[in-house]
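Residue-level listing of the chains:
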Amino acid sequence: MTELTFRDAGPADIPALHRLIESAYRGEVSRAGWTTEADLLGGQRTDPEDLAEVLADPKQGLLTAWRGDALVGCILYADRGEQTGYFGMLSVSPTLQGGGVGRQLVEAVHTLLAERFGARRSRISVFPQRDTLVSWYQRLGYADTGETLPFPYGNPRFGLPLRDDLYFIVMERALD
């Protein structure tokens, strides 16, 4: 199996990024993996305009994982100030989930957050209904901070809720 290479996404990557992210989170194709949100949300996970905004902001970006010429994963990263980094939108091609690509992306983004932004800790936000994912992050050293964030109901840019009890828990870990 070809090793992964990582690089920051650029504007030319947006169409491939959009396809990958949507396939990892939404619709029937997402059910081939274990990170689907298809039971929680319909509609889109993101859109090309949102991705372009991320790439244009010097305080955030998207790290991509490639196997040869194929985009197989990506992760959004951001500087939240006060030596705190953030990542989200971790996306791996559904048929490759469970093979270590996500773990390698998280490890790479930890290094990026520390080196580029001086982060000493990393934060994430996760739906508590996704207990398997919460457990996976716990195995990576993340702990629930006790903080919660509301889901942006009424904004279809973030998806169409299929339930009325959505919110995020905030998890954090120290960076080595």
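Cut-off values and rules
- Residue positions are given per chain, counting from 1 as you read along its sequence in written order.
- A pLDDT threshold of at least 70 governs which residues receive local features in this predicted model, and a stricter bar of 80 or more applies before side-chain atom pairs are shown or counted, although totals over entire chains, interfaces and linings include all residues.
- No hydrogens and no water enter the side-chain calculation; it runs on all heavy atoms of the structure.
- Strands are runs of DSSP state E lasting at least 2 residues, helices are runs of H or I lasting at least 4, and numbering of each runs from the N terminus.
- Note that the radius of gyration is over C-alpha atoms, with the globule rule given as 2.2 Å times the number of residues to the power 0.38.
- Relative accessibility under 20% of the residue-type maximum defines a buried residue, over 50% an exposed one, and the middle range a partly exposed one, all with a 1.4 Å probe and only protein chains included.
- Should any heavy atoms of two residues lie within 4.5 Å, those residues are considered in contact.
- When charges are counted, neither His nor the chain ends are considered; positive counts come from Lys and Arg and negative counts from Asp and Glu.
- Where a charge lies is defined by one atom per residue type, namely NZ (Lys), CZ (Arg), CG (Asp) and CD (Glu).
- Pairing between strands requires that DSSP locate at least two bridges from one strand to the other.
- With its strands directed away from the observer, a crossover is right-handed exactly when the path from the first strand over the helix to the second travels clockwise.
- In this description, a nonpolar core means a group of buried Ala, Val, Leu, Ile, Met, Phe, Trp, Tyr and Cys residues linked to one another through side-chain atoms lying within 4.5 Å.

A.B. asks: When you look at the overall build of the chain in this model, what are you seeing that I'm missing?
C.D. replies: Secondary structure assignment for the chain yields four helices and nine strands. For the chain, the α and β elements follow one another from N to C terminus as β-α-β-α-β-β-β-α-β-α-β-β-β. The C-alpha atoms of the chain give a radius of gyration of 15 Å, which matches the 16 Å a tight globule of 176 residues would have. Its C-alpha atoms give the chain principal-axis dimensions of roughly 40 × 35 × 30 Å. The buried share of the chain, reckoned over its 176 residues, is 48%. Across the chain, contacts joining residues at least 24 apart in sequence account for 66% of those joining residues at least 6 apart. Each charge class in the chain can be summarised by its mean position, and for the 18 positive and 24 negative side chains these summaries are 3 Å apart.

A.B. asks: I keep staring at the pairing of strand 6 (residues 121-126) and nothing clicks. Help me out?
C.D. replies: Two faces belong to every sheet, and in a regular strand the side chains alternate between them. Judged by which residues are buried, strand 6 turns out to be one-sided: Ser 122, Ile 124 and Val 126 face inward and are buried, whereas Arg 121, Arg 123 and Ser 125, on the alternate face, are not. Two elements, strand 5 (residues 84-92) and strand 6, share three bridges in a ladder whose sense is parallel. Within strand 6, the position partnered with Gly 85 by the bridge is Ser 122. Read from strand 5 through helix 3 (residues 101-117) to strand 6, the crossover connection turns out right-handed. Here strand 6 pairs with strand 9 (residues 167-174) via six bridges, running antiparallel. Counterpart to Ser 125 in the pairing with strand 9 is Val 170.

A.B. asks: I'm lost on the nonpolar core in this one. Help?
C.D. replies: For soluble globular proteins, the rule of thumb is that nonpolar side chains tend to be buried together. By size, the foremost hydrophobic cluster in this structure holds 28 residues, and its most contacted members are Ile 75, Phe 87, Leu 105, Val 126, Tyr 137 and Met 171. When residues of this core are traced back to their parent elements, those giving at least two are strand 3 (60-67), strand 4 (70-79), strand 5, helix 3, strand 6, helix 4 (131-139) and strand 9. It is helix 3 that contributes the most residues to this core, seven residues altogether.

A.B. asks: What exactly am I supposed to notice about the side chain of Glu 37 here?
C.D. replies: Tracing the chain through its elements places Glu 37 in the loop between helix 1 (14-25) and strand 2 (41-42). Filtering out sequence-adjacent residues up to four positions away, Glu 37 remains in contact with Tyr 25, Arg 26, Arg 45, Phe 127 and Arg 130.

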